[in-house]
Amino acid sequence: MPATLSHAIDLRSDTVTQPTAAMRQAMATAVVGDDVYQEDPTVKALEERVADTFGHEAGLFTPTGTLANLLAINALVPAGAEVLCEGTSHIVRAELGAHAQIFGVTTRTWSHPHGTPDLEQITAMFAPPMGDLLVRTAAVSVENTHNFAGGTVIDLSQLQALRDWADQNKCQLHIDGARIWNAAVASGVSLRQYGKLADVITVCFSKGLGAPIGSMVLGQAEVISHARVVRKRLGAGMRQVGVVAAAAEYAFTHHRTRLEEDHLNAQLIGRYCGLEPAAVPTNIVIVEVNDAARIVQEAANRGVLISSLGRTKIRAVTHLDITADQARYAGRVLGELVAATAR
Ligand SMILES: *Cc1c(COP(=O)(O)O)cnc(C)c1O
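### Concerning the overall build of the chain
Turning to step 1, where the next piece is worked out: Looking only at helices and strands, one finds 14 helices and twelve strands in the chain.
Turning to step 2, where the next piece is worked out: Rg of the C-alpha trace for the chain: 20 Å, near the compact-globule value of 20 Å for 343 residues, within the 12% margin.
Turning to step 3, where the next piece is worked out: Dimensions along the principal axes, computed over C-alpha positions, put the chain at roughly 60 × 50 × 35 Å.
Turning to step 4, where the next piece is worked out: A separation threshold of at least 6 residues defines the contact pool for the chain, and within that pool the share at least 24 residues apart is 74%.
Turning to step 5, where the next piece is worked out: In the structure as shown, the chain presents an accessible area of about 14,800 Å², 52% of it carried by carbon and sulfur atoms.
Turning to step 6, where the next piece is worked out: Seen as two clouds, the 29 positive and the 34 negative side-chain charges of the chain have centres 4 Å apart.

### Let's talk about the sheet that holds strand E7 (residues 200–204)
Turning to step 1, where the next piece is worked out: The strand order E2-E8-E7-E6-E5-E3-E4 describes an open sheet built from seven strands, whose pairing is mixed. A strand with exactly one partner marks an edge of an open sheet, and here the two such strands are strand E2 (58–62) and strand E4 (106–110). Across the sheet, the mean angle separating the axes of adjacent strands is 20° when strand polarity is ignored.
Turning to step 2, where the next piece is worked out: In this sheet, E4 lies alongside strand E3 (residues 82–86) in parallel orientation, the contact comprising five bridges. The residue of E4 that forms the bridge with Leu84 is Arg108.
Turning to step 3, where the next piece is worked out: Those strands touched by helix H10 (residues 221–233) are E2, E7 and strand E8 (215–219), and its axis lies near 20° from that of E2.

### Some remarks on the site of the ligand
Turning to step 1, where the next piece is worked out: Close to the ligand lie Thr64, Gly65, Thr66, Asn69, His90, Glu143, Asn147, Asp176, Ala178, Arg179 and Lys207.
Turning to step 2, where the next piece is worked out: Here an oxygen atom of the ligand and a side-chain polar atom of Asn147 are 3.5 Å apart.
Turning to step 3, where the next piece is worked out: One of the side-chain nitrogen or oxygen atoms of Arg179 is found 2.9 Å away from an oxygen atom of the ligand.
Turning to step 4, where the next piece is worked out: The protein chains hide 84% of the 380 Å² of surface that the ligand would expose on its own.

### Looking at the pairing of strand E9 (residues 284–288)
The side chains of a regular strand alternate between both faces of the sheet.
Turning to step 1, where the next piece is worked out: Within E9, four of the five residues are buried, which leaves the element mostly enclosed by the surrounding structure.
Turning to step 2, where the next piece is worked out: With five bridges joining them, E9 and strand E12 (residues 313–317) adopt antiparallel strand pairing. Bridge pairing links Val285 to Ala316 in E12.

### Focus on the packing of helix H13 (residues 292–301) against helix H14 (residues 324–342)
Turning to step 1, where the next piece is worked out: Their axes nearest at 10 Å, the elements H13 and H14 cross at an angle of 140°. The pairing of H13 with H14 is recorded here as oblique in orientation. The two elements H13 and H14 cross, and the hand of that crossing is right-handed. Contacts from Arg294, Ile295, Glu298 and Ala299 in H13 reach Val333, Leu334, Leu337, Val338 and Thr341 in H14.
Turning to step 2, where the next piece is worked out: Class assignment of the residues belonging to the contact of H13 with H14 gives a composition of six nonpolar, one polar and two charged.

### Examining the confidence of the model for the chain
Turning to step 1, where the next piece is worked out: Within the chain, residue pLDDT values average 96, and 98% of them lie at 70 or more.
Turning to step 2, where the next piece is worked out: Taken as a whole, residues 1–5 scores under 50 in pLDDT and shows eight contacts with residues more than four places along the chain or in a different chain.

### A look at the sheet that holds strand E11 (residues 307–308)
Turning to step 1, where the next piece is worked out: On the basis of which strands lie adjacent, the open sheet formed by three strands has the order E9-E12-E11 and antiparallel pairing. Two strands in the sheet have a free side with no partner beyond their single neighbour: E9 and E11.
Turning to step 2, where the next piece is worked out: Examined bridge by bridge, E11 and E12 share two bridges and lie antiparallel to one another. Within E12, the residue paired with Ser308 across the bridge is Ile314.

### Brief notes about the pattern of salt bridges
Turning to step 1, where the next piece is worked out: Within this structure, the stated rule accounts for 14 salt bridges.
Turning to step 2, where the next piece is worked out: We note a salt bridge from Glu249 to Arg49, for which the minimum N-O separation is 2.4 Å. Residue Glu249 is located in helix H11 (residues 242–254), and its partner Arg49 is located in helix H2 (residues 41–53); the two are separated by 200 residues in the primary sequence.
Turning to step 3, where the next piece is worked out: Residue class for Glu249 comes out partly exposed when judged on its relative accessible area of 28%.

### Let's talk about the packing of aromatic side chains
Turning to step 1, where the next piece is worked out: On inspection of all chains with the given rule, the structure shows five aromatic pairs.
Turning to step 2, where the next piece is worked out: Arranged with centres 6.3 Å apart and planes meeting at 45°, the rings of Phe61 and Phe205 form a pair that is tilted. Here Phe205 lies in the loop between E7 and E8 and Phe61 lies in strand E2, a separation of 144 residues in the sequence.
Turning to step 3, where the next piece is worked out: Plain terms: the ring middles of Trp181 and Phe252 are 5.7 Å apart, the flat faces sit at 75° to each other, and that makes the pair edge-to-face. Of this pair, Trp181 sits in helix H8 (residues 180–187) while Phe252 sits in helix H11; the two residues are 71 residues apart in sequence, bridging distant segments of the chain. Here the two residues Trp181 and Phe252 agree in accessibility, since each one is buried.

### Notes on the environment of Gln158
Turning to step 1, where the next piece is worked out: Mapping Gln158 onto the fold places it in helix H7 (residues 156–168).
Turning to step 2, where the next piece is worked out: A relative accessible area of 28% means that Gln158 is categorised as partly exposed.
Turning to step 3, where the next piece is worked out: Gln158 sits 40 residues away from Asp118 along the chain, and the two C-alpha atoms are 8.6 Å apart.

The rules we used
Residues numbered from 1 in each chain as written. Predicted model: local features only at pLDDT ≥ 70, side-chain atom pairs only at ≥ 80, totals over all residues. Heavy atoms only, no water. Helix = DSSP H or I, 4+ residues; strand = E, 2+ residues; numbered from the N terminus. Rg over C-alpha atoms; globule rule 2.2 N^0.38 Å. Contact = heavy atoms within 4.5 Å. Areas by Shrake-Rupley, 256 points an atom, 1.4 Å probe, with all protein chains shown as cover. Lys, Arg positive; Asp, Glu negative; His and termini not counted. Charge placed at Lys NZ, Arg CZ, Asp CG, Glu CD. Pairing = 2+ DSSP bridges. Axes fitted to C-alpha atoms, helices over the stretch in contact; angles between N-to-C directions. Near = heavy atom within 4 Å. Polar contact = N/O pair within 3.5 Å; in protein donor to acceptor, adjacent residues only side chain to side chain. Buried < 20%, exposed > 50% of the residue type's maximum accessible area, 1.4 Å probe, protein only. Parallel < 35°, antiparallel > 145°, perpendicular 65-115°, else oblique. Left-handed = near helix turned anticlockwise from the far one by under 90°. Nonpolar A, V, L, I, M, F, W, Y, C, P; charged D, E, K, R; others polar. pLDDT = per-residue confidence, 0-100. Salt bridge = Lys/Arg side-chain N within 4 Å of Asp/Glu carboxyl O. Phe/Tyr/Trp six-rings, centres within 6.5 Å; stacked < 30°, edge-to-face > 60°.

In structure tokens:
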């Protein structure tokens, strides 16, 4: 590691960021109350502001995106029905069976290399109601941007086509928008446009936006007040949580437009690894390699922390705490290791 780098460059995820001094200041001075009594003004203001931004009636603050997704799918899919989603989406790959275990929801998956919706496959999979003894499709869930597919953005026209399809088939649409901020910055599509296409959308403040904790589920007022009850049932009713919501509010206000920097830094890393610009649409760089575990280890030895996705893919994620210089250094290291192990 060069002498100028005092510690490792951590590209394992965009969740590893430290709260900034200004964010901590906002947390320290937040006006708070008991949010289970709905008396925390900081939480209420954030819920209203974010819901309004996405064109939804209401929002519910949650500690994690996993819980937000759980509440979202529960709002759209009754026990014994199913949600269709892409095979590498967070709800099937990273939520550890919660939708099935807790709510009796089953999933069936389509596959797409970019993680995007495939109307042909979705249409073929769709299960219309055939009585109480067969599973019916109640919702489709899509991820924008898509994490395990490499931060891909779903085309607005594709989302619109899916929305139209959902309406025709009396099916509901969930958008997992953990990184919807990145999608909006990359595509120029507004958060409101994205929001209006979904029956329920979930968003995270703790990924690219750099808050320490916090996600939100957004939808119609009735849906969200029911989700509030379910959140309490699951043990996640929170008290003076405005301390945390203040960080999310700070991130939402100040850290959205700067995501462009993360995207440029990811491009830089991708270029060193031989990827075309189009292969790095946002802040996630995924490279196909021979031996992911070995590259992860050798990169760590040189001060660059990344993760592996299975045996033949490495993933580097840029974020708030990564400078262009760090991205360049990391890109050089990864580029060399990728080239060396390819031989
Ligand atoms: C991180 C993430 C979530 C939520 O994860 P938590 O760690 O529970 O906050 C949901 N969806 C996607 C696509 C994610 O990347």
